Amino acid sequence: MTETNAFQMVVSRIDAICDRLNVKDAYRLRLESCERELTVNFPVRMDDGTVKVFTGFRVQHNDTRGPAKGGLRYHPDVTLDETRALAALMTLKTAVVNIPYGGAKGAVVCNPKLMSQGELERLTRRYASEISILIGPEKDIPAPDVGTNPQVMAWIMDTYSMLKGYSVLGVVTGKPIEVGGSKGRLGATGRGCMVSAKLAANHLGISLNRATAVVQGFGNVAYSAAKLLAGEGCRIIAISDTKGGTYNPKGLDLESLPNYKKETGSVVGFMDTETISNTELLALPCDILVPAAIEDQIVKANAADIKARIIVEGANAPTTPEADKILNDNGVFVVPDILANAGGVVVSYFEWVQGLQAFFWNEDEVNRQLQTVMDNAFHEVLEMSRHEKVDMRNAAYMLAIKRIAAAMEARGIFP
Ligand code: NAD
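Note that the coordinates shown come from a computational prediction; the quantities given were computed from them, not determined experimentally.

(A) Here's a closer look at the site of the ligand. As a matter of local geometry, the ligand sits amid 22 residues, with R73, D145, T189, F218 and N316 nearest to it. Between an oxygen atom of the ligand and a main-chain N or O atom of T242, the distance comes to 3.4 Å. Across the complex, the protein chains shield 85% of the 830 Å² of accessible surface that the ligand would expose by itself. Those elements that provide at least two residues to the shell around the ligand are α7 (220-231) and β7 (235-241). Grouping the constituent residues of the shell around the ligand by class yields 7 nonpolar, 11 polar and 4 charged. Each of domain 1 (33-179) and domain 2 (188-335) accounts for three or more of the residues forming the shell around the ligand.

Written out as structure tokens, the structure reads:
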């Protein structure tokens, strides 16, 4: 479905904002390229005794404002270009929410669904060892993304610690609580989406406890966003996974759905629901649409069919620039990915801070601090959007690029 290559799409958005803000070429050129890119091809012993060679990447887009930060994706179709795009989005995201990080992303081309735990552990440990020349608590800090989870982070932390000879908690975030994870991290991205939806609804005069929401995806971000929105009184009328969607205009039973998915392998066919395609799901009438699966879902061909009043981008890059224009013309209020799904990296930042200080907070404190950061960022972006008369995505890019350019100006160029 890609309308243009992924990194080029982010670059073209950065370029347009740099034009508008009159950003110096020296800064623009740095934002439009990635600082460091490592490709690794490494062997993994499979359960049947054969050896396979896997390809992985770690891309640091920019570290002007602090250590590079970004998730690790395990997916059969992931490419270096996509990893670059996701790394650039991380640089912008950490700047929008004003935490002292740059942006990075990692990936391994593999299908974790077809691998045993043993194979995944060996793959993760070897990948961690291969990229250990780049990562570190002061340099570059991975976290979970599509296809990875707290267990994968624990293996990376352990491998890195073994290489160093002592335990290094701060090398990854999104770890299990037992090894320095933060309370509230698992649901943090979904919580940030819920907070964004609430702020957007409030701005438009929509009451969440009378609102309906449609969520695309059924992973970490999608399910936690759905549950938290339901907790605010919102009726979740449809949700989906790779096999399709499940729809009930009266609302879904979110408590029973995970068990059903565990037993059958999909959310499709859940009791008292109608089966719909992912394309149909995106076009359902609702107040809030949360695309929280993968990129390039709202494109030129389907943007005009969207009936939601608010889109909260749980996923990274779910909307193409062509689709953005159509949504804007139709008055859809889009909370862009670099703001809407920043809850994960914000609580990752809290986890890193807690690990460095060896002092851990309770969950209420984590959620309270997250709320404050999201609230500030949302209002700063909204203010920029009013002042510059642009949509929320352009406003978020403006806020981020201004902050990064100011940091570049302050640091100067070495030597
Ligand atoms: P995940 O692997 O837990 O879940 C992905 C979900 O998407 C799965 O339920 C899968 O079935 C579904 N899916 C995949 N392709 C689909 C398709 N074509 N149509 C419908 N559903 C499909 O991943 P996640 O961590 O929840 O990440 C989801 C999105 O959120 C990604 O874009 C990721 O980059 C972004 N994100 C994640 C985090 C985080 O903290 N995990 C933070 C910020 C952004």
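(B) Expanded view of the sheet that holds strand β6 (residues 212-216). Spatial strand order, β9-β8-β7-β6-β10-β11-β12: 7 strands in an open sheet with mixed pairing. Either end of the sheet is taken by a strand with one partner, and the two such strands are β9 (274-276) and β12 (333-335). Across the sheet, the mean angle separating the axes of adjacent strands is 20° when strand polarity is ignored. For β6 and strand β10 (residues 288-291), the ladder comprises 4 bridges, and the chain directions are parallel. Each residue of the ladder has a partner; that of V215, found in β10, is V290.

(C) A look at empty space enclosed by the protein. One pass over the full model with this rule turns up 1 cavity of 30 Å³ or more. In this structure, the largest cavity encloses a volume near 70 Å³. Considering the residues around the largest cavity, the lining is formed by A6, M9, V10, E82, A85, L86, E295, D296 and A317. Among the elements of the structure, α1 (6-21) and α3 (80-96) are those that each provide at least two residues to the lining of the largest cavity. A class-by-class count of the residues in the lining of the largest cavity yields 6 nonpolar, no polar and 3 charged.

(D) Spatial organisation of the nonpolar core. Grouped together as the largest cluster of nonpolar side chains are 92 residues, with contacts concentrated most on L92, L229, I288, V312, F378, Y397 and I401. Looking at this core, the element that brings in the most residues is helix α15 (residues 392-411), giving 11 residues. Filtering out sequence-adjacent residues up to four positions away, Y397 remains in contact with V10, R13, I14, I17, L89, L92 and I338. Among the nonpolar cores identified, the runner-up in size contains 27 residues, and V40, V108, M157 and V172 belong to it.

(E) Highlighting the sheet that holds strand β3 (residues 68-75). The sheet built from 5 strands is open, its strands ordered β1-β2-β4-β3-β5 with mixed pairing. The open sheet has two edge strands with one neighbour each: β1 (36-45) and β5 (140-144). Each strand axis lies, on average, 25° off the axis of its neighbour in the sheet, ignoring direction. In this sheet, strand β4 (residues 103-109) lies alongside strand β2 (residues 51-62) in antiparallel orientation, the contact comprising 6 bridges. Within β4, the residue paired with V59 across the bridge is K105.

(F) Geometry of the pattern of salt bridges. The full count for this structure, using the stated rule, is 27 salt bridges. A salt bridge links R28 to D19; the nearest nitrogen and oxygen atoms lie 3.0 Å apart. Using a relative accessible area of 12% as the deciding quantity, one classes R28 as buried. Where E232 meets K198, a salt bridge forms, and the shortest distance between an N and an O atom there is 3.0 Å. Within this pair, whereas E232 is found in the loop between α7 and β7, its partner K198 is found in helix α6 (residues 188-204), the two being separated by 34 residues in sequence. Here E232 falls in the partly exposed class, since its relative accessible area comes to 26%. K198 sits in the partly exposed class, given a relative accessible area of 38%.

Parameters at a glance
Residues numbered from 1 in each chain as written. Predicted model: local features only at pLDDT ≥ 70, side-chain atom pairs only at ≥ 80, totals over all residues. Heavy atoms only, no water. Near = heavy atom within 4 Å. Polar contact = N/O pair within 3.5 Å; in protein donor to acceptor, adjacent residues only side chain to side chain. Areas by Shrake-Rupley, 256 points an atom, 1.4 Å probe, with all protein chains shown as cover. Helix = DSSP H or I, 4+ residues; strand = E, 2+ residues; numbered from the N terminus. Nonpolar A, V, L, I, M, F, W, Y, C, P; charged D, E, K, R; others polar. Domains from an automatic or database assignment. Pairing = 2+ DSSP bridges. Axes fitted to C-alpha atoms, helices over the stretch in contact; angles between N-to-C directions. 1 Å grid on protein atoms, 1.4 Å probe; cavity = no way out; pocket = protein on both sides within 12 Å on 5 of 7 lines; lining within 4 Å. Points joined across faces, edges and corners; volume = space filled by probe spheres on them. Core = buried A, V, L, I, M, F, W, Y, C linked by side-chain atoms within 4.5 Å. Buried < 20%, exposed > 50% of the residue type's maximum accessible area, 1.4 Å probe, protein only. Contact = heavy atoms within 4.5 Å. Salt bridge = Lys/Arg side-chain N within 4 Å of Asp/Glu carboxyl O.

By themselves, these are just geometric observations and shouldn't be taken as functional.
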